[in-house]
Amino acid sequence: MSEQPATNRRDAARRMAEMAESAKRAEAQSAQVLIDEFVVRARARGLKPERLVATQMDGRPAKTDKTGWYLNRSRSIAIGEDGSWYVLTVPTISRWGRMKGVSLVASPPEMVVGRGARDGESGDLSEFLDRLLP
């Protein structure tokens, strides 16, 4: 009988993980709608994307293969001109890698920019996107 409670705990943990993942997917879908609308408005208003620069873990900049708009003052999160969400903090790379640049991989977007950030700059995605538009 001692196996029953352990099984119940595992099942409960699995269900909680599934619910958290489902909530994260729903948040990403909602955020993507806002981002897609922003990209359309940015282009209509002539807001030019710029070459994105990532920050390595050692604090040095690294050029990237993407263009877009920085969302926050610290330039750690950006929206690609294709509507992708990029976190611009990357592992430290070699000297050759810095010259060549880093290839960014999009992440699921979030409705709260800078959630858990220690720099104090966090808030609703819609507010950050509105600030970018002229």
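That block above? That's the structure.
**Q** Looking at this structure, how should I read the side chain of N72?
**A** For N72, the position within the fold is in the loop between strand 2 (61-70) and strand 3 (77-80). For N72, a relative accessible area of 7% corresponds to the buried category. Polar contacts involving the side chain of N72 include one to the side chain of S74, which spans 3.2 Å. From its side chain, N72 meets the backbone nitrogen of I77 in a polar contact 3.4 Å long. In contact with N72, not counting residues within four places along its chain, are I77, E121 and F128.

**Q** So what exactly am I meant to see when it comes to the pairing of strand 3 here?
**A** Every other side chain in a regular strand lies on the same face of the sheet, so the side chains alternate between the two faces. Of the two faces of strand 3, the one carrying I77 and I79 and the one carrying A78 and G80 are both buried. Bridge analysis of strand 2 against strand 3 gives 3 bridges, and the strand direction is antiparallel. Bridge assignment links W69 to a residue of strand 3, and that residue is I79. Connecting strand 2 to the next strand, strand 3, in antiparallel fashion are 6 residues, including R75 with a positive phi near 55 degrees. Where strand 3 and strand 4 (residues 85-87) come together, 3 bridges link them in antiparallel fashion. When the bridges of strand 4 are listed, A78 appears paired with Y86. Taken together, strand 3 and the strand that follows it, strand 4, pair antiparallel across an intervening segment of 4 residues, in which G83 is found at a positive phi of about 90 degrees.

Thresholds, definitions, all that
- Residues numbered from 1 in each chain as written.
- Predicted model: local features only at pLDDT ≥ 70, side-chain atom pairs only at ≥ 80, totals over all residues.
- Heavy atoms only, no water.
- Helix = DSSP H or I, 4+ residues; strand = E, 2+ residues; numbered from the N terminus.
- Buried < 20%, exposed > 50% of the residue type's maximum accessible area, 1.4 Å probe, protein only.
- Polar contact = N/O pair within 3.5 Å; in protein donor to acceptor, adjacent residues only side chain to side chain.
- Contact = heavy atoms within 4.5 Å.
- Pairing = 2+ DSSP bridges.

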